[in-house]
Amino acid sequence: MNPKKHNTTKVAACQLIAFNKPFQVLCQFTDQSPKQRQTLADFIPIPNVYAAGRLDYDSEGLLLLTDDGRLQQQIADPKHKMAKTYWVQVEGDITTKALQQLQQGVLLNDGPTRPASVRQLSAPEVWPRQPPIRQRQHIPTSWLELTIREGRNRQVRRMTAAVGFPTLRLIRVAIGPWQLQPLVPGEYRMLEIPANLLSAAVTLTKGSQPKQRRFSGVKGKK
């Protein structure tokens with residue numbers, strides 16, 4: 001079966017994969033740079049899948065992949081407003097004022113953000129990062145749980161910096177109904193696809209054809 005063929009029977013058979021992306025792994029299957037950094041191909045041997053959205057090289061956690069462009073659009077396109085939740089370690093002892101600013105939305109150089117859901121966390125039990133974060137002596141750190149429904153470039157890092165608390169570590173723990181746990185870094189698993197997303201994909205096939213998402217090198221190798 002051709003995974004790119006757009007018909008209603010393909011929707012029920014499409015694949016959805018959850019992957020715990022380690023720190024300093026590219027969110028694509030190839031690397032054209034001389035450094036030859038680790039990519040998704042080093043962890044996921046499944047052909048013809050695409051990343052549904054992005055996760056920065058220096059961020060960790062949940063990444064979804066699929067072989068169906070319509071499902072990819074439902075997950076990744078900001079117009080669908082699918083929530084993405086992050087655990088964020090920031091430099092400094094976070095203040096109530098800063099939390100309120102994040103909740104209300106902050107002004108970035110590309111415009112104000114939408115209001116976010118945010119709360120302070122006790123330090124969560126997560127895997128040690130290699131290499132560890134760089135901490136300055138005698139300066140504490142804080143952990144936040146932050147949920148946004150946008151997809152701007154490095155948005156969470158820019159948001160915390162804008163309120164005076166630079167991000168030291170960023171872990172995505174949920175996308176819509178899907179959770180990172182129990183995956184460990186470098187591990188993936190197949191997911192069930194909710195009926196509402198399958199229905200939305202069927203609607204897309206009956207209507208106008210969605211434009212192909214422009215992700216460089218994210219297709220799985222055959």
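Located above this text is the structure these notes cover.
Residues numbered from 1 in each chain as written. Predicted model: local features only at pLDDT ≥ 70, side-chain atom pairs only at ≥ 80, totals over all residues. Heavy atoms only, no water.

Engineer: Explain the overall build of the protein here, please?
Structural biologist: Scanning the protein from terminus to terminus reveals five helices and 11 strands. A separation of at least 24 residues holds for 76% of the contacts in the protein among residues at least 6 apart in sequence. (Helix = DSSP H or I, 4+ residues; strand = E, 2+ residues; numbered from the N terminus. Contact = heavy atoms within 4.5 Å.)

Engineer: Would you mind going over the pattern of salt bridges with me for this structure?
Structural biologist: Once the charged atoms of two side chains with opposite charge are near each other, the side chains can pair. Considering all chains together, one arrives at 11 salt bridges under this definition. For Asp58, the salt bridge identified is with Arg154, shortest N-O distance 2.9 Å. A residue pair is termed long-range when its members are at least 10 positions apart, and Asp58 in the loop between β2 (50-51) and β3 (60-66) and Arg154 in the loop between β8 (141-148) and α4 (155-162) qualify at 96 residues. Among the residues examined, Asp58 registers a relative accessible area of 23% and is labelled partly exposed. What emerges from the salt-bridge pattern is a single network uniting Asp56, Asp58, Arg154 and Arg157. (Salt bridge = Lys/Arg side-chain N within 4 Å of Asp/Glu carboxyl O. Buried < 20%, exposed > 50% of the residue type's maximum accessible area, 1.4 Å probe, protein only.)

Engineer: Looking at this structure, how should I read helix α3 (residues 96-104)?
Structural biologist: Of the residues making up α3, those classed as buried are Ala98, Leu99 and Leu102. For α3, the angular spread of the buried residues around the axis is 100 degrees, confining them to a single face. Exposed side chains of α3 directed beyond 90 degrees from the buried face belong to Thr96, Lys97 and Gln104. Two residues or fewer after α3 comes Gly105, characterised by a positive phi angle close to 105 degrees. (Arc of directions from axis to C-beta.)

Engineer: Would you explain unusual backbone geometry in this entry?
Structural biologist: The phi torsion of most residues other than glycine is negative, and most of the peptide bonds are trans. At the junction of Gln130 and Pro131, the peptide bond is cis and its omega measures out at -5 degrees in the coordinates. Mapped onto the elements, Pro131 comes out in the loop between β7 (117-121) and β8. In this structure, Pro182 follows Gln181 across a cis peptide bond, with omega equal to 10 degrees. Looking at the secondary structure, you find Pro182 in the loop between β10 (178-179) and β11 (188-190).

Engineer: What is the right way to read the nonpolar core from this model?
Structural biologist: One broad trend across soluble globular proteins is that nonpolar side chains are buried collectively. Membership of the largest hydrophobic core comes to 31 residues, with the highest contact counts inside it found for Leu63, Leu65, Val88 and Leu144. When residues of this core are traced back to their parent elements, those giving at least two are β1 (16-21), β3, β4 (84-91), α3, β8 and α4. In contact with Val88, not counting residues within four places along its chain, are Ser142, Trp143, Leu144, Leu146, Val156, Thr160, Thr167, Arg169 and Leu170. One finds Leu16, Ile75, Trp87 and Leu191 within the second-largest nonpolar core, a separate group that totals 21 residues. (Core = buried A, V, L, I, M, F, W, Y, C linked by side-chain atoms within 4.5 Å.)

Engineer: Help me understand the packing of aromatic side chains in this model?
Structural biologist: How two aromatic rings sit relative to each other is set out by the distance from centre to centre and by the angle between their planes. In total, this model carries one aromatic pair according to the counting rule given. Positioned above the aromatic ring of Tyr57, the side-chain terminus of Arg37 is 5.4 Å from the ring centre. Across from the ring centre of Phe23, 3.8 Å away, lies the NZ or CZ of Arg129, which sits over that ring. (Phe/Tyr/Trp six-rings, centres within 6.5 Å; stacked < 30°, edge-to-face > 60°. Lys NZ or Arg CZ within 6 Å of the ring centre and 35° of its normal.)

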